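Now for the letters of each chain:
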2 protein chains.
Amino acid sequence: MERKAVSRIPRKKDIAPKQIPYSTIVRLTQYLRVVEKLNDLGISGISSAELCEETRINSFLVRKDLSYFGEFGTRGVGYDIPSLRLELEKILGLTEAHRTVIVGAGNLGTALVHYDGFKEKGFKIVAVFDSDPSKIDKKIGDFVIESVFMLEEYLNTNKDVTIGIIAVPASGAQFIANLLIASGIKGILCFAPIQLMVPDDVVYSAVDLTTYLEIISYYITNPDARRTGDMHY
Amino acid sequence: MERKAVSRIPRKKDIAPKQIPYSTIVRLTQYLRVVEKLNDLGISGISSAELCEETRINSFLVRKDLSYFGEFGTRGVGYDIPSLRLELEKILGLTEAHRTVIVGAGNLGTALVHYDGFKEKGFKIVAVFDSDPSKIDKKIGDFVIESVFMLEEYLNTNKDVTIGIIAVPASGAQFIANLLIASGIKGILCFAPIQLMVPDDVVYSAVDLTTYLEIISYYITNPDARRTGDMHY
């Protein structure tokens, strides 16, 4: 049988995004965190083994995760940090800032406005809303708190806002979610400890702080247990 | 060949805790969330299929996760809600309250003191500390803010405190972590956007809010992508 010449350069795989596991997307953010840190330290390259060690994710998974999006790095050399960072940012949709509103100007909302993590990571807070008349027109950092009754109008005239962060008590969270969804917001991050009802075309995540503590509780209560597998918390 | 009588009642499996995957522990908290919700609604039982639907976790995983800890539920009937809730709480070490300190009495620390999610979930805030002299002796809810220089002494005389929550800026987080660890704290939840160095016998989780937004960013940018697999965010 005739042996065909086969290109040894793997081609970018033509996998539809819907086939990429959710856990891969979570791990991409972990790779990005490491790459950002090394980049800030002025380090220009990282070997595969080092990337695995820094992220505590095994090499099989690292290769598999990245292979969904094409070829990264050079065999036997590793990854160029600035290139890998840019690729990860492209994949995650972070090359342009996501304009973000925060609803809820209590302690949590105020903490979020000041949260270091959002700064320079592509999430630009553009407005802060609250329902409490005594808070409206007061300032948090550079923001004047606006009435939640202006939220729809604001979003209708600022169509480039893509993400809404809900930092109101549980009792008001679904009402705010409905306003955000009706105004065309594509992504919602909710801090209230309830499960929101959102349509399928809206991306929704909930930060459940209790879950973090429960997982810590398990490992405190079972000191012989070792964390194995993916670590998302 | 003689057919032996075999007990059809599966025995509690004798699996050491260290063999239980981390992702199972994460899912146990999701089962607990659903069971709590149904319990609050006065619902006393749930079928396997309903538990899968409510948690959006497939039936194979649900069975596998629970099987690590023995037998729950009745074949063809489902689960008794109060029993399953108690079992999950036992596994996760939640039957006795974890006494918890918060370090950092800024907006985030204040929000955490008031956070509904911790209340009645077995995490009892017992003290709040800050390094800012202007905050010390002021009150947040029922707590008088104490000086961070009193933290070690407090923990040495309150050995039943197991968890420390770090809500200080990134620049001070490792210093606080070192104090907590030196005082025998077993679990740390850190909100500062940095990676802490902690010894192996201390359980440590970081709440990385940027990760949540990056995952939302991916699904907004790739609207055809569907979340598959475990959903932890």
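What counts, and where the lines are drawn
By convention here, each chain's residues receive numbers from 1 onward along its written sequence. Each chain is given a letter, starting from A, and each ligand a number, starting from 1, according to the order in which they appear as written. Selection of residues for local features in this predicted model requires a pLDDT of at least 70, selection of side-chain atom pairs for listing and counting requires 80 or more, and totals for whole chains, interfaces and linings are taken over all residues. Only hydrogens and water are set aside; all other atoms, that is, all heavy atoms of the structure, feed into the side-chain values. Each domain's extent was defined by an automatic or database domain assignment. Only Phe, Tyr and Trp rings take part, Trp by its six-membered ring, and two of them pair if their centres are within 6.5 Å. Stacked means planes under 30 degrees apart, edge-to-face means over 60, and tilted covers everything else. A run of DSSP states H or I qualifies as a helix once it reaches four residues; a run of E qualifies as a strand once it reaches two. Both are numbered from the N-terminal end. Burial here depends on accessible area, computed with a 1.4 Å probe over protein chains only, as a share of the maximum for the residue type. Under 20% is buried, over 50% is exposed, and the range in between is partly exposed. The pairing criterion is simple: DSSP has to find at least two bridges between the two strands. Copy-to-copy alignment: least squares on C-alpha atoms, limited to residues at pLDDT 70 or above in both. The contact criterion used throughout is that any non-hydrogen atoms of two residues lie within 4.5 Å.

A.B. asks: Help me understand the domain arrangement of chain A, please; the structure alone is not making it clear to me.
C.D. replies: Note on interface size: it is often stated as the accessible area lost on association of the parts. Taken domain by domain, chain A holds domain 1 (17-91) and domain 2 (98-211). Just the C-alpha atoms count here: the centres of domain 1 of chain A and domain 2 of chain A sit 30 Å apart.

A.B. asks: Please explain the packing of aromatic side chains as it appears in this structure.
C.D. replies: To describe a pair of aromatic rings, you give the distance between the ring centres and the angle between the ring planes. Summed over the entire model, instances satisfying the criterion amount to 10 aromatic pairs over all chains. With centroids separated by 5.5 Å and ring planes inclined at 70 degrees, the aromatic side chains of Phe129(A) and Tyr154(A) adopt a geometry described as edge-to-face. Taken as a pair, Phe129(A) in strand β4 (residues 123-130) and Tyr154(A) in helix α6 (residues 151-157) lie far apart in primary sequence, 25 residues in all. For the pair Tyr115(B) and Phe118(B), a centre-to-centre distance of 4.8 Å together with 70 degrees between the ring planes defines the contact as edge-to-face. For the pair formed by Tyr115(B) and Phe118(B), the shared burial category is buried.

A.B. asks: It is not clear to me how the sheet that holds strand β8 (residues 161-166) of chain A should be interpreted in this structure. Could you clarify?
C.D. replies: Sheets are built from strands that pair by backbone hydrogen bonding, the pairs being arranged parallel or antiparallel. Residue and element names in this part refer to chain A. Strands sit in the order β7-β4-β3-β8-β9-β10 across an open sheet of 6 strands; the sheet is parallel. A single partner strand is all that each edge strand has here, and the edge strands are β7 (146-147) and β10 (203-206). Where strand β9 (residues 187-190) and β10 come together, 4 bridges link them in parallel fashion. Note on β10: the bridge partner recorded for Ile188 is Tyr204.

A.B. asks: Mind showing me how you'd approach the sheet that holds strand β8 (residues 161-166) of chain B here?
C.D. replies: Within the open sheet, the 6 strands sit side by side as β7-β4-β3-β8-β9-β10 (chain B). Their pairing is parallel. The strands lining the two open edges of the sheet, one partner per strand, are β7 (146-147) and β10 (203-206) of chain B.

A.B. asks: I'm lost on the relation of the copies chain B and chain A in this one. Help?
C.D. replies: By a simple turn and slide, chain B fits onto chain A: the slide is 0.0 Å along the axis, the RMSD is 0.0 Å, and the turn is 180 degrees. These values place the two chain copies in the arrangement generated by a two-fold rotation axis. Residue Asn107(B) of chain B places its C-alpha closer to the rotation axis than any other residue of that unit, at 2.3 Å. In this assembly the copies share their binding face: 99% of the residues contributing to the interface of chain B also contribute to that of chain A.

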